[in-house]
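# An overview of the molecular structure
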Amino acid sequence: MFHNANLLNLIDGIPHAVILVDKNLNVSRMNRRAEALTGRSNDEASGVQTDYILRSNLHPFSDYFRAVLQEKKMVAHEGNILDRNRKIIPVRFTISPLESHSADLLGVMVVIEDLSFVPYLQEKAAGLDGFEGVISLSPKMQEVNEQIPIFAGTDASVLIYGETGTGKGFVAEKIHQASKRSGYPFIKVNCGALPEQMLESELFGHAQGAFPGADHKRPGMFRLADRGTIFFTEIGDLPLSLQVKLLTVLDDGEFSALGGTKKVAMNARIIAATSMDLKAMIAEGQFREDLFYRLNVLRLHLPPLRERAEDIPLLIDHFVKSLSTGNLAPHFERKALRVLKDYSFPGNVRELRNIIEHAVTLSLGETVKYEHLPEYLTQGNEAERYASSWGANKGQERRTADGETKGSATKWNDVEKEMIIEALRKSRGKRSEAAKMLGWARSTLYRKLKHHGI
Amino acid sequence: MPAFFGLEGWTDMKVMIAIFRNDVAPRFDLTVEAVFVKLENGSMTGEPREMLLSEPSSDELCGLAVSEAADLVICGGIDEVHYEYLNWKKIRIIDGIIGPYQEALELLLQDRLTPNAIMPGAVSS
């Protein structure tokens, strides 16, 4: 396709890696720098899907080509590639449409700039550019903090996984704030909060008279998020019919309001979050696979608070300071702190924040004592607290991102088993100590160990 | 009986292939699916077993290879750290593979699969 000798000389003269991609998204030609970067020769790469030659983190990269072919506009994205030496290199991709003299679309040209020596990006990757991340000492969250500015540098869709209360919305907003779209709106859509008909109108807007009660034309959230970011919380709750519509909008890059005929171009970055196991939902026919792959370009997993226990004192300190009204933030009595440190926080950071708010309010600015904590933390044993907390937070079955179905009644066995293991872990295997922690007699613990096969 | 790639006469082994749809996944760190295949006397035994991760993670894939006692990992691009880790765990790696994983498996059975090989099915005519 691209055999014009002048063109080949031209791309060899460009001081960056260049790949010419045909309309089928296969590699047609690479310059010498691209050969060096990918470790593939022109002959072997020719005719192979560019995704497989480039090995970019913007996966599938072909989606970006399709967008350029469709829009006939140049785009630039920051990302990385895995080079021939098994090293991950930060790069900037500039993708431009290639047209013939007669304006026929021939394919796209990808210019790959190696950014590994750009100090700014190194700072950005290390989180030293003034970006304020998530409060944490845990390595897992540090990783998230490092990913936020990197993800903010691209326009690719992000899918954030995490249990309820882990801060998915907070992280989505951080990504928006650190991105070039920060000067434009950050629009949050709660997919589970509205009935189907209303959600469609909320998303896409409606024309006057589109349905009974639609007295005025109304812009939808996609319109409001123009040039900004649209954030779908609990994307797994989006009804199937709307999943199809959302996918169409993402693929076509345009939408029309309910009852409207005019197509409006969509220019919003998509971030979605879920606490559900979307893969399992796909298998059950509850979530569209094509939409999953469309959203799942970049992924972030937020660990539950129980996996970052080292952050609990840090978060307590942060919430106490931010929730205190006086000049001096109240201190926590040791006994109260111990309860919090030993608690499993099924509601994660949100639950911790609520507990601190409750305690700080009741302490009236004085030292926060054991009795200022919510009753469900101080009454009964760990088993009851766990159950009470699950019941209060869920009240119904739910599916977690780990694919486990939990419900306060049906999965009590699992919760109890998990709780015993946790107590044994804390007591370093000493059964009498674990029994004490659980508020059980030793014989009860032995019976339950046998029952659960631990 | 073919002597498999670098395994000096081993004819029985467990192979883990990092996949994306029907292809070998282009990047190990972005992979959520792996398929396990058992080879005995130079041919495949039983059905390939697919495993799904909750999120893409090189660490988890390596953990899976170790816990499932894989002898060989077939993958696309893999970063140096995880490549070295698998080596350290005495798991052999054939990386840089492009194309349908079934074709890669066939080549392996013929003892012809080498690193950086591009399967015929990956090249459009």
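### Notes on the overall build of chain A
Along the backbone of chain A there are 21 helices and 16 strands. In chain A, which comprises 454 residues, the proportion classed as buried is 51%. Taking contacts inside chain A between residues at least 6 apart in sequence as the whole, the part at least 24 apart equals 61%. Accessible area of chain A: about 22,100 Å², with a carbon and sulfur share of 49%.

### A short note on the packing of aromatic side chains
In the structure shown here, the tally under the stated rule is 13 aromatic pairs over all chains. Taking 5.9 Å as the distance between ring centres and 55° as the angle between the ring planes, the aromatic pair formed by tyrosine 85 of chain B and tryptophan 88 of chain B counts as tilted. In this pair, tyrosine 85 of chain B and tryptophan 88 of chain B both sit in helix H2 (residues 80–88), three residues apart, roughly one turn of the helix. On the basis of relative accessible area, tryptophan 88 of chain B is assigned to the exposed category, the value being 63%. Through a chain of ring-to-ring contacts, three or more aromatic side chains come together here, namely Phe61, Tyr64, Phe65 and Phe93 of chain A. For arginine 86 of chain A, the ring lying beneath its charged end belongs to tyrosine 83 of chain B, and the centroid distance is 3.6 Å. Just above the ring of tyrosine 370 of chain A sits the side chain of lysine 335 of chain A; from NZ or CZ to the centre is 4.1 Å.

### Considerations on the interface of chain A and chain B
Accessible area lost when the parts come together is the quantity often used to give the size of an interface. Across the contact, 25 residues belong to chain A and 28 residues belong to chain B. Considering only the side of chain A, the residues that lose the most area to chain B are Arg40, Tyr52 and Arg86 of chain A, jointly responsible for 31% of the buried surface there. At the surface where chain A touches chain B, the tally comes to two salt bridges. Close ionic contact of aspartate 95 of chain B with arginine 86 of chain A constitutes a salt bridge, the shortest N to O distance being 2.6 Å. Every element with two or more residues in the side of chain A that touches chain B is listed here: helix H4 (50–54), strand E3 (75–82) and strand E14 (298–302) of chain A. Residue classes in the side of chain A that touches chain B are distributed as eight nonpolar, nine polar and eight charged.

### Points about helix H21 (residues 442–452) of chain A
At 3.6 residues per turn, the α-helix brings residues three or four places apart onto the same side. Residues and elements named next belong to chain A. The complete set of buried residues in H21 reads Thr444, Leu445, Lys448, Leu449 and His452. One side of H21 carries all its buried residues, which in axial view fall inside an arc of 135°. Away from its buried face by more than 90 degrees, H21 exposes Ser443, Arg447 and Lys450.

### What to know about the side chain of asparagine 26 of chain A
With respect to the helices and strands, the residue asparagine 26 of chain A is situated in the loop between strand E1 (17–22) and strand E2 (27–30). What asparagine 26 of chain A contacts, discounting residues up to four positions off in sequence, is Leu20, Val21, Gly47, Val48, Gln49 and Thr50 of chain A together with Ser124 of chain B.

### Details of the side chain of threonine 94 of chain A
Its location among the elements puts threonine 94 of chain A in strand E4 (residues 88–99). If we skip the residues at most four places from it in the chain, threonine 94 of chain A touches Met74, Val75, Ala76, Met109, Val110, Val111 and Glu113 of chain A.

### Let's talk about helix H16 (residues 348–363) of chain A
Residue and element names in this part refer to chain A. The end-to-end C-alpha distance of H16, which contains 16 residues, comes to 23 Å, matching closely the 22 Å that a straight helix rising 1.5 Å per residue would cover. Three or more residues of H16 are buried, namely Asn348, Val349, Glu351, Leu352, Ile355, Ile356, Ala359, Val360 and Ser363. The arc enclosing the buried residues of H16, seen along the axis, measures out at 165°, which places them on a common side. A positive backbone phi angle near 50° is found at leucine 364, which sits one or two residues after H16.

### A closer look at the pairing of E3 of chain A
All names here are of chain A. Among the eight residues of E3, six are classified as buried, and the element is accordingly described as predominantly covered. Looking at chain direction, E3 and E4 are connected through eight bridges and run antiparallel. Across the sheet, residue glutamate 78 finds its bridge partner in E4, namely arginine 92. With antiparallel pairing between neighbouring strands as the criterion, E3 and E4 make up a hairpin whose turn holds five residues, including arginine 86 at a positive phi of roughly 65°.

### Examining the sheet that holds strand E10 (residues 229–233) of chain A
All names here are of chain A. Taken in spatial order, the five strands make up an open sheet running E7-E10-E13-E6-E14, and their pairing is parallel. Of all the strands in the sheet, the pair left with one neighbour each is strand E7 (186–190) and E14. Looking at each pair of strands side by side, their axes are set apart by 20° on average, direction ignored. When E10 meets strand E13 (residues 269–274), the two strands line up parallel, connected through four bridges. From the neighbouring strand, phenylalanine 231 faces E13, where its bridge partner is isoleucine 271.

### Remarks on the environment of proline 330 of chain A
Residue and element names in this part refer to chain A. One can find proline 330 in the loop between helix H14 (312–323) and helix H15 (334–342). What makes proline 330 buried here is its relative accessible area of 9%. Each C-alpha atom, one on proline 330 and one on valine 368, is 6.5 Å from the other, the two residues being 38 residues apart in sequence.

### A closer look at a negative patch on the surface
A cluster of like negative charges, contributed by Glu143 and Glu146 of chain A together with Asp59 and Glu60 of chain B, occupies part of the molecular surface. Contributing elements (two or more residues each) for the negative patch: helix H7 (139–152) of chain A together with helix H1 (58–67) of chain B. Relative to the helices and strands, glutamate 143 of chain A resides in helix H7.

### Let's talk about the pattern of salt bridges
Pairing between side chains of opposite charge can happen when the charged atoms of each approach one another. Residues and elements named next belong to chain A. The tally for this structure, following the rule as stated, stands at 20 salt bridges over all chains. A salt bridge links glutamate 113 to arginine 92; the nearest nitrogen and oxygen atoms lie 3.2 Å apart. With a gap of 21 residues between them, glutamate 113 in strand E5 (residues 105–114) and arginine 92 in strand E4 connect regions that are remote in the sequence. The class for arginine 92 is partly exposed, based on a relative accessible area of 27%. Taken together, the shared-partner salt bridges connect Glu78, Arg92 and Glu113 into one network.

### Digging into the sheet that holds E1 of chain A
Residues and elements named next belong to chain A. Spatial ordering of the open sheet is given by E2-E1-E5-E4-E3, a layout of five strands whose pairing is antiparallel. The outermost strands of the open sheet, each flanked by one partner alone, are E2 and E3. Recorded for the sheet is a direction-independent mean angle of 30° between the axes of neighbouring strands. Pairing of E1 with E5, which is carried by six bridges, proceeds in the antiparallel orientation. Counterpart to valine 21 in the pairing with E5 is valine 108.

### Looking at the environment of lysine 180 of chain A
Along the polypeptide, lysine 180 of chain A turns up in the loop between helix H8 (168–178) and E7. It is 9.1 Å that separates the C-alpha atoms of lysine 180 of chain A and aspartate 155 of chain A, two residues lying 25 residues apart in sequence.

### Describing the packing of H1 of chain B against H2 of chain B
All names here are of chain B. Relative to each other, H1 and H2 sit at 15°, their axes nearing to 11 Å. The pairing of H1 with H2 is recorded here as roughly parallel in orientation. Here the hand of the crossing between H1 and H2 comes out right-handed. Mapping the contact onto sequence places Ser58, Asp59, Cys62, Ala65 and Val66 in H1 and His82, Tyr85 and Leu86 in H2.

What counts and how
- Residues numbered from 1 in each chain as written.
- Chains lettered and ligands numbered in written order.
- Predicted model: local features only at pLDDT ≥ 70, side-chain atom pairs only at ≥ 80, totals over all residues.
- Heavy atoms only, no water.
- Helix = DSSP H or I, 4+ residues; strand = E, 2+ residues; numbered from the N terminus.
- Buried < 20%, exposed > 50% of the residue type's maximum accessible area, 1.4 Å probe, protein only.
- Contact = heavy atoms within 4.5 Å.
- Areas by Shrake-Rupley, 256 points an atom, 1.4 Å probe, with all protein chains shown as cover.
- Phe/Tyr/Trp six-rings, centres within 6.5 Å; stacked < 30°, edge-to-face > 60°.
- Lys NZ or Arg CZ within 6 Å of the ring centre and 35° of its normal.
- Buried area = accessible area lost by both parts, 1.4 Å probe.
- Salt bridge = Lys/Arg side-chain N within 4 Å of Asp/Glu carboxyl O.
- Nonpolar A, V, L, I, M, F, W, Y, C, P; charged D, E, K, R; others polar.
- Arc of directions from axis to C-beta.
- Expected span 1.5 Å × (residues − 1).
- Pairing = 2+ DSSP bridges.
- Axes fitted to C-alpha atoms, helices over the stretch in contact; angles between N-to-C directions.
- Patch = residues over 30% accessible without salt bridge, like charges linked within 9 Å, V, L, I, M, F, W, Y side chains within 5 Å.
- Lys, Arg positive; Asp, Glu negative; His and termini not counted.
- Charge placed at Lys NZ, Arg CZ, Asp CG, Glu CD.
- Parallel < 35°, antiparallel > 145°, perpendicular 65-115°, else oblique.
- Left-handed = near helix turned anticlockwise from the far one by under 90°.

Any link to function would need more than the numbers given here.
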